[in-house]
Amino acid sequence: MIAVLSGGVGGSRFLQGLVRVVPPEEVVAIVNTGDDEEFFGLYVSPDPDIVTYALGGIVDEERGWGVRGDTFRWLEAMRRFGHETWFQIGDRDLATHLYRTRRLREGATPSQVAGELAERLGVRARVLPMSDGRVRTVVETEAPRLPTGRGALPFQRYLVQRGARDRVLGLRFEGAGGARPAPGVLEALREAEFILIAPSDPLASIGPILALPGVREALASRRDRVAGVSPIVAGRSLRPPAAELLAGLGHEVSALGVARLYRDLARVFVLDREDAGLTPAVRELGLEPVMADTIMRDAAAKEALARATLEALG
Ligand code: GDP
Ligand code: CA
């Protein structure tokens, strides 16, 4: 079994490649839920949904999120009622949130619901939300004073509503310290043949998972079997807000900056060929640098990256 720590878009693309290299039944995706938010009374869990749609073959590949070919009729109707509609939820996507919200009200746990959704969408890999407890990623910014405190923005407000334009002063994962990893998470990390940290946002997507009690220790104790993949290529993030967060929190915006964050958790670090110049510095951190083409532009590229990552682990 292969365990993968994942966020949304970057993580899901990597997972799409991985399930073409190993049997999907052997893949356990442990997915960030710090971005979860309620809209219109519905419980929305963006990263697990992206992963489920991607592995179920219905994701909008171009956007990276949502359902391919979806329409936004209901959202247009809500706008006429004067509702805030900055968070885009398509008509088909809405069904997922209605289903999840109903099941949670009936007493199901988030991880049970994620399993049900994956099954209904034909996903054979296991999709595990990182925790059944509520963890909220909050970005502290220089945005004008808000009811949530001085410039403290829930993640989706920071990223989607305000377009990651506010200078970042801090990042916290509310509730993470007291939230237990979901059933199956620590077991997967203990038993996995390999543990992969997907090319996801190291701070906003991987950070909340690592902040859960026991997770960081679980990786560190199995460091020989862990590989991280850089989401930063040639000093740039392919999408916001990884670069904004790294810079705001004083990290170098480069694959090396990411490698520093993973040095105690991984043995292998996969970085893009474009960043070949960084390999000596990565090696100096005590990580084994492995170069690959990390831009996952199509199915073949996704598969090749997953294969290179697994091969590096032996
Ligand atoms: P989010 O939750 O939707 O923000 O997605 P993730 O956290 O999983 O991934 C965001 C990160 O994925 C960004 O920093 C991107 O640079 C990275 N990313 C997206 N596509 C690619 C790709 O093709 N290759 C690599 N190396 N990184 C990618
Ligand atoms: Ca996310």
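Because the structure is predicted, anything quoted here is derived from the model rather than measured.

Caption draft 1: How the structure looks around the site of ligand 1. Taken together, 21 residues lie near ligand 1, and Ser200, Ser205, Leu238, Thr294 and Met296 sit nearest. Note that an oxygen atom of ligand 1 is positioned 2.8 Å from one of the backbone N or O atoms of aspartate 201. At 2.7 Å, a backbone N or O of proline 231 approaches an oxygen atom of ligand 1. Considered on its own, ligand 1 offers 580 Å² of accessible surface; in the complex 95% of this is hidden by protein. Ranked by residue count, the leading element in the shell around ligand 1 is helix H1 (residues 9–18), at four residues. Along the lines of polarity and charge, the residues of the shell around ligand 1 split into eight nonpolar, nine polar and four charged.

Caption draft 2: Spatial organisation of the packing of H1 against helix H13 (residues 299–313). Their axes nearest at 7 Å, the elements H1 and H13 cross at an angle of 80°. Of the possible angle classes, the one that applies to H1 and H13 is roughly perpendicular. In contact with Arg13, Phe14, Gln16, Gly17 and Leu18 of H1, H13 contributes Lys302, Glu303, Leu305, Ala306, Thr309 and Leu310. The class makeup of the residues in the contact of H1 with H13 is five nonpolar, three polar and three charged.

Caption draft 3: Geometry of the coordination of the calcium ion (ligand 2). Listed as protein donors to the calcium ion (ligand 2) are Asp35 (OD), Asp47 (OD) and Asp47 (OD); their distances from the metal cover 2.1 to 2.5 Å. Highlighted residues: aspartate 35 in the loop between strand S2 (27–31) and strand S3 (37–39) and aspartate 47 in helix H2 (residues 46–55), separated in sequence by twelve residues. By the burial criterion, aspartate 35 is buried, and aspartate 47 matches it.

Caption draft 4: The arrangement of the sheet that holds strand S13 (residues 268–272) in detail. Strand order in this open sheet of seven strands is S5-S2-S1-S9-S10-S13-S14, and the pairing throughout is parallel. If you trace the sheet from one side to the other, it starts and ends with strand S5 (126–129) and strand S14 (288–292), each paired once. Shown here is a sheet whose adjacent strand axes are inclined to one another by a mean of 20°, direction ignored. Direction of pairing for S13 relative to S14: parallel, over a ladder of five bridges. Paired with valine 270 across the two strands is valine 290, which belongs to S14. Helix H11 (residues 255–262) contacts strand S9 (194–197), strand S10 (226–229) and S13 of the sheet and is inclined by roughly 165° relative to S13. Where H13 meets the sheet, its contacts fall on strand S1 (2–6), S9, S10, S13 and S14, and the angle it forms with S9 comes to roughly 130°.

Caption draft 5: Representation of the nonpolar core. Leu5, Ile30, Leu189, Leu219, Leu245 and Phe269 are the most contacted members of the largest nonpolar core, which has 51 residues in total. At five residues, H11 tops the list of elements feeding residues into this core. Residue contributions to this core reach at least three from each of two domains, namely domain 1 (136–167) and domain 2 (185–313).

Caption draft 6: Fine view of the domain arrangement of the chain. Assigned domains within the chain: domain 1 (136–167) and domain 2 (185–313). Distance from the C-alpha centre of domain 1 to the C-alpha centre of domain 2: 26 Å. Listed per partner, the contact involves six residues of domain 1 and six residues of domain 2. Interface area, domain 1 with domain 2, both sides summed: about 420 Å², of which 79% is carbon and sulfur. For the side of domain 1 that touches domain 2, the secondary structure elements donating two or more residues are strand S6 (136–141) and helix H6 (155–161). With three residues, the single largest contributor to the side of domain 1 that touches domain 2 is H6. Here the residues of the side of domain 1 that touches domain 2 are counted per class, giving five nonpolar, one polar and no charged.

Caption draft 7: Expanded view of the side chain of threonine 279. Among the secondary structure elements, threonine 279 is positioned in helix H12 (residues 279–284). Once you skip the residues sitting within four places of it in the chain, threonine 279 turns out to touch Leu271, Pro289 and Met291.

Caption draft 8: Highlighting the sheet that holds S6. Taken together, the three strands give an open sheet; going across it, the order is S7-S6-S8, and neighbouring strands pair in antiparallel fashion. Two strands in the sheet have a free side with no partner beyond their single neighbour: strand S7 (152–154) and strand S8 (168–174). Taking each pair of neighbouring strands and ignoring which way they run, the sheet shows an average axis angle of 25°. Sheet topology note: the S6/S8 ladder contains six bridges and is antiparallel. From the neighbouring strand, arginine 136 faces S8, where its bridge partner is glutamate 174.

Caption draft 9: Local environment of the packing of H1 against H2. Contact geometry for H1 and H2: axes closest at 9 Å, N-to-C directions at 30°. As judged from the angle between their axes, H1 and H2 are roughly parallel. In terms of crossing hand, the pair formed by H1 and H2 is right-handed. Where H1 approaches H2, its residues Val9, Ser12, Leu15 and Gln16 are matched on the opposing element by Ile50, Val51, Ala54 and Leu55. Considered class by class, the residues forming the contact of H1 with H2 number six nonpolar, two polar and no charged.

Cut-offs used in this document
- Residues numbered from 1 in each chain as written.
- Chains lettered and ligands numbered in written order.
- Predicted model: local features only at pLDDT ≥ 70, side-chain atom pairs only at ≥ 80, totals over all residues.
- Heavy atoms only, no water.
- Near = heavy atom within 4 Å.
- Polar contact = N/O pair within 3.5 Å; in protein donor to acceptor, adjacent residues only side chain to side chain.
- Areas by Shrake-Rupley, 256 points an atom, 1.4 Å probe, with all protein chains shown as cover.
- Helix = DSSP H or I, 4+ residues; strand = E, 2+ residues; numbered from the N terminus.
- Nonpolar A, V, L, I, M, F, W, Y, C, P; charged D, E, K, R; others polar.
- Axes fitted to C-alpha atoms, helices over the stretch in contact; angles between N-to-C directions.
- Parallel < 35°, antiparallel > 145°, perpendicular 65-115°, else oblique.
- Contact = heavy atoms within 4.5 Å.
- Donors = N, O, S within 2.8 Å, 3.2 Å for Na, K, Ca; no water.
- Buried < 20%, exposed > 50% of the residue type's maximum accessible area, 1.4 Å probe, protein only.
- Pairing = 2+ DSSP bridges.
- Core = buried A, V, L, I, M, F, W, Y, C linked by side-chain atoms within 4.5 Å.
- Domains from an automatic or database assignment.
- Buried area = accessible area lost by both parts, 1.4 Å probe.
- Left-handed = near helix turned anticlockwise from the far one by under 90°.

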